[in-house]
Amino acid sequence: MAKKNEKVVLLIEELKLINKNIFFDLVIDNFNNDLLEKKFGKKLNENSIFFEREIDIIGKIDELNKDFLRKIVETNNSYVEKKCLNFAKEDYLREFQRDKILRVNGRGLNPEQMIMYVLSTNKLVEFLDFFKEEYFKYIEKLKENKQEILEKETFLKEAMEELENEDFEKEFQESISAKYINVKKRNLEKLSQKYGLEFDEENRKFNVSAEFISFFDEKMKEYFLMRKNFKRGFEFFNINSYKVSEKERDLEEIITDIEGIEQENKFLNSICDKLEEENKKLKEDLRKHRNKEAEKTIKKQKKEIKKLSIQIKSLEKEIENMEQDENIEVVENVNIKELSEEKTIDLTNQNVKVVGGRWSQKVIEKAEKYAKEKGFKIEFIHATAVFRNSDKLKNSDIVIFDTSYNSHSAYYKLKSYGVKIYRISTSNLDKIKNFSK
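Remember, it's a predicted structure, so these values are computed and weren't measured experimentally.

1. With respect to the environment of F376
Alright, step 1. Summarising the element assignment, F376 is placed in the loop between helix 14 (361–374) and strand 5 (377–381).
Alright, step 2. With a relative accessible area of 7%, F376 lands in the buried category.
Alright, step 3. Each C-alpha atom of the pair F376 and D346 lies 9.8 Å from the other, and the pair is 30 residues apart in sequence.
Alright, step 4. Not counting residues up to four positions away in its chain, the partners in contact with F376 are L347, N349, Q350, V352, Y370 and A371.

2. Overview of the pattern of salt bridges
Alright, step 1. Summed over the entire model, instances satisfying the criterion amount to nine salt bridges.
Alright, step 2. Here D91 and R94 are joined by a salt bridge, their closest N and O atoms 3.2 Å apart. Here R94 and D91 lie together in helix 6 (residues 89–96), a separation of three residues that amounts to about one turn.
Alright, step 3. Residue D91 is classed as buried on the basis of its relative accessible area of 11%.
Alright, step 4. Since its relative accessible area comes to 29%, R94 is described here as partly exposed.
Alright, step 5. Through salt bridges with shared partners, a single network forms among D67, R70, K71 and E74.

3. A closer look at the sheet that holds strand 6 (residues 398–402)
Alright, step 1. Ordered by their spatial adjacency, four strands build an open sheet running 5-4-6-8, and the pairing between neighbours is parallel. A single partner strand is all that each edge strand has here, and the edge strands are strand 5 and strand 8 (420–424). When strand polarity is set aside, the average angle formed by the axes of neighbouring strands in this sheet is 25 degrees.
Alright, step 2. Note: strand 4 (residues 351–355) against strand 6, four bridges, orientation parallel. Looking at strand 6, one finds that V354 is bridged to I400.
Alright, step 3. Packing against the sheet, helix 16 (residues 408–417) makes contact with strand 4, strand 6 and strand 8, and its axis sits at approximately 165 degrees to strand 6.

4. Re the packing of aromatic side chains
Alright, step 1. Applying the stated criterion to the full structure yields ten aromatic pairs.
Alright, step 2. Chaining the aromatic ring pairs together yields one cluster made of F87, Y92, F127, F130 and F131.
Alright, step 3. Above the plane of the ring of Y405 lies R358, whose end atom (NZ or CZ) is 3.8 Å from the centre.

5. A closer look at helix 6
Alright, step 1. Listed as buried for helix 6 are D91, Y92, E95 and F96. An end-on view of helix 6 places all buried positions within 140 degrees of arc, on one side of the element.

6. Some details on the pairing of strand 5
Alright, step 1. Bridge count between strand 4 and strand 5: five bridges; the pairing is parallel. Residue pairing in the sheet places V354 in a bridge with F380 of strand 5.

7. Considering the environment of R423
Alright, step 1. Structurally, the position occupied by R423 is in strand 8.
Alright, step 2. For R423, a relative accessible area of 18% translates into the label buried.
Alright, step 3. The sequence separation of R423 and D402 amounts to 21 residues, and the corresponding C-alpha distance is 6.0 Å.

8. Let's talk about the pairing of strand 6
Alright, step 1. The element strand 6 is largely enclosed, with a buried count of five among its five residues.
Alright, step 2. Alternating residues of strand 6 divide into I398, I400 and D402 and V399 and F401, and every residue in both groups is buried.

9. Description of the nonpolar core
Alright, step 1. Residues F23, I72, Y92, M116 and F131 are the most contacted members of the largest nonpolar core, which totals 40 residues.
Alright, step 2. Elements represented by at least two residues in this core include exactly helix 1 (2–18), helix 2 (22–30), helix 3 (33–40), helix 4 (50–62), helix 5 (66–83), helix 6, helix 7 (111–121) and helix 8 (128–152).
Alright, step 3. Of all the elements, helix 8 adds the most residues to this core, at seven residues.
Alright, step 4. Ignoring sequence-local partners within four residues, the contact set of F23 consists of I12, L15, K16, I58, I61, L69 and M116.
Alright, step 5. Listed in part, the 20 residues of the second largest apolar core include I328, I381, V419 and I421.

10. What about the packing of helix 3 against helix 5?
Alright, step 1. It is the contact of helix 3 with helix 5, at a shortest axis distance of 11 Å, that shows an interaxial angle of 130 degrees. Accordingly, the angle class assigned to the pair helix 3 and helix 5 is oblique. Once helix 3 is placed against helix 5, the crossing between them reads as right-handed. Side by side, helix 3 and helix 5 meet where L35, K39 and F40 of the first sit next to F68, K71, I72, E74 and T75 of the second.
Alright, step 2. Grouping the constituent residues of the contact of helix 3 with helix 5 by class yields four nonpolar, one polar and three charged.

11. Focus: the packing of helix 5 against helix 7
Alright, step 1. Contact geometry of helix 5 with helix 7 gives a least axis separation of 9 Å together with a crossing angle of 110 degrees. Between helix 5 and helix 7, the angle falls in the class roughly perpendicular. In this structure, helix 5 crosses over helix 7, and the sense of that crossing is left-handed. Residue-level contacts link L69, I72, V73, N76, N77, Y79, V80 and E81 of helix 5 to Q113, M114, M116, Y117, S120 and T121 of helix 7.
Alright, step 2. Residues that form the contact of helix 5 with helix 7 fall into these classes: eight nonpolar, five polar and one charged.

Thresholds, definitions, all that
- Residues numbered from 1 in each chain as written.
- Predicted model: local features only at pLDDT ≥ 70, side-chain atom pairs only at ≥ 80, totals over all residues.
- Heavy atoms only, no water.
- Helix = DSSP H or I, 4+ residues; strand = E, 2+ residues; numbered from the N terminus.
- Buried < 20%, exposed > 50% of the residue type's maximum accessible area, 1.4 Å probe, protein only.
- Contact = heavy atoms within 4.5 Å.
- Salt bridge = Lys/Arg side-chain N within 4 Å of Asp/Glu carboxyl O.
- Pairing = 2+ DSSP bridges.
- Axes fitted to C-alpha atoms, helices over the stretch in contact; angles between N-to-C directions.
- Phe/Tyr/Trp six-rings, centres within 6.5 Å; stacked < 30°, edge-to-face > 60°.
- Lys NZ or Arg CZ within 6 Å of the ring centre and 35° of its normal.
- Arc of directions from axis to C-beta.
- Core = buried A, V, L, I, M, F, W, Y, C linked by side-chain atoms within 4.5 Å.
- Parallel < 35°, antiparallel > 145°, perpendicular 65-115°, else oblique.
- Left-handed = near helix turned anticlockwise from the far one by under 90°.
- Nonpolar A, V, L, I, M, F, W, Y, C, P; charged D, E, K, R; others polar.

Everything listed here is a matter of geometry and, on its own, says nothing about what the molecule does.
Below, the structure is given as structure tokens:
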């Protein structure tokens, strides 16, 4: 048991040497509300909100609670092992740039999750310095975010400066140790009057009831705990707000694109309505005057209306595809039973699309070079961009469906196009090469 406790202490110390608030990051990285409830149950204050319970968990870890630490380690390492272990640095970097926070549907990795995995398993140690370097980059951004918050809210800045000042605690302890030898007599007399205490002037002492000291002691404990929890709470809030804002920025980019298309669609609709109104007037003129020029204009405007209608439908389809891509559920190792993994295919002069998987830029470039040498075209489509690339995929000769990271909805959409679909189960260039052997 002692050895286990030593191991717990060592792991906590190693992580906190990297950053004192790393456990805040790890809790945010690994737990949403349901998972927190499942792992920690009602052992904490069952009436507390999610945010408060996370801070309580960090407090337990600070007290070297090995059970709480074990649950975080198990959850973290299970997620990492399921996610990716056989990655190059470029693959990890791409994961680090994805969604940052689990409880708003984040599916990427963060450097601190990999640091925890390495230190708790002693695996992938060759990547540890690289993971630390990426984590320190994030810490710098986090400091900037904290500074922005404190500059906007001066009362928070003053509160944090006061709470980070440890002089009061030191003064309090020193005063107890010194037994108040530097306190002036008149202050003691005032205190005796203020609190109704009996003051022994000869010995310069108070006769104090046990209840009074007990009350005072409990209140001081509450005060110091409140200071600690407030500091924890602010640091946790800063980490939380930064990671959520990163996710929001990603969503804002998608929303901005959709809004731009919707505005263009609205504009084209207004032009279409205007042309239809003019067409209606011209038809009325035609009935009255049989104006041949009006007939020509009507014919021309009908063509313009038809052209605009096609554009509007195309834009509406584009919006629908982007929304479908945003809602697509991408998972590891998609199980498509009806599609076997082909041994050979003649790829010569074929237009090939590879859908899904986890392909690094370096491997993609190698694949493009190989395709050029073998006389066929190849393009890689991300698992979350299937619907918006529907036209490309419809016009493909061959689609290679990578089940290592993909979605069932993407497969059924491809199937509906009637294109030739072949399956590979790993993002490996050799799999593609084997087709043309």
